[in-house]
Amino acid sequence: MKTNARINQTIIELIQGDITQQDTDAIVNAANSSLLGGGGVDGAIHRAAGPELLAETRTLGGCLTGDAKISKGYRLKAQYVIHAVGPVYSRGDSSVAELLKSAYRRSLEVGIENRIQSIAFPSISTGAYGYPLEEAAPIALRTICDFVQSNAQLKQVRFVLFDEQTLKIFINTLAVLSKQHGDLRYE
Ligand code: ADP
């Protein structure tokens, strides 16, 4: 089960898998604001990249929620890791949606500044940070679609979803979005 769609120059891929194994120019880490590693996808990326990654992220001075910082990829196939800090979910707090959107957008901006053409994202904030997937997936996909519509540098944006249920929700969400996004085409 996977889905490929296109907006202008950019292929959007939804797959199930492990983000540490991706060969895109950059992979995005769902980091915490210390940038000193953690559990979930953050721990997996640090283990796969090797200790040089922590040595570099120690020098970055942390990262605010909704922002992103870049490092090298070390032992990963990806040249860069973009460390994005999503919000901890809090029901009824309207700022969390804006912060989640910002974490995705800042990741893309930092990648563009570093001339990447392909990027892989995990589902930010929907693990330990508790963001409900049904709310997070539309924010993730809409932010990516809006960005690539006005930026032709990115050729490939891949969501690497860890489990089948998460992939299903992203696939269903993209189907809903495709009805609103005139430029989105399935491949
Ligand atoms: P957060 O703290 O931002 O919620 P988590 O790492 O706890 O981050 O979870 C974010 C998402 O990443 C979850 O859907 C989790 O299942 C997924 N995940 C965990 N490990 C991996 C991995 N190796 N590759 C891709 N996704 C992963």
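How each quantity is defined
Residues numbered from 1 in each chain as written. Predicted model: local features only at pLDDT ≥ 70, side-chain atom pairs only at ≥ 80, totals over all residues. Heavy atoms only, no water. Pairing = 2+ DSSP bridges. Helix = DSSP H or I, 4+ residues; strand = E, 2+ residues; numbered from the N terminus. Axes fitted to C-alpha atoms, helices over the stretch in contact; angles between N-to-C directions. Contact = heavy atoms within 4.5 Å. Salt bridge = Lys/Arg side-chain N within 4 Å of Asp/Glu carboxyl O. Buried < 20%, exposed > 50% of the residue type's maximum accessible area, 1.4 Å probe, protein only.

Asks: Explain the sheet that holds strand E1 (residues 3-7) to me, using residue names and the numbers behind them.
Replies: Within the open sheet, the eight strands sit side by side as E4-E5-E3-E6-E7-E2-E1-E8. Their pairing is mixed. The open sheet has two edge strands with one neighbour each: strand E4 (68-72) and strand E8 (184-186). Between one strand and the next, the sheet's axes are offset by a mean angle of 25 degrees, whatever the strand orientation. Direction of pairing for E4 relative to strand E5 (residues 80-85): antiparallel, over a ladder of five bridges. Note that in E5 the partner of Lys69 across the bridge is His83. Across the face of the sheet, helix H1 (residues 40-49) comes into contact with strand E3 (26-31) and E5 while running at roughly 130 degrees to E3.

Asks: Mind laying out the pattern of salt bridges, listing which residues take part and the relevant values?
Replies: Scanning the model with the defined rule gives eight salt bridges in all. In this structure, Arg106 and Glu109 form a salt bridge, with 2.6 Å as the shortest nitrogen-oxygen distance. Of this pair, Arg106 and Glu109 both sit in helix H3 (residues 95-113), three residues apart, which is roughly one turn of the helix. Take Arg106: its relative accessible area is 24%, and that puts it in the partly exposed class. If you follow the salt bridges from partner to partner, you end up with Glu13, Asp23 and Arg158 in one network.

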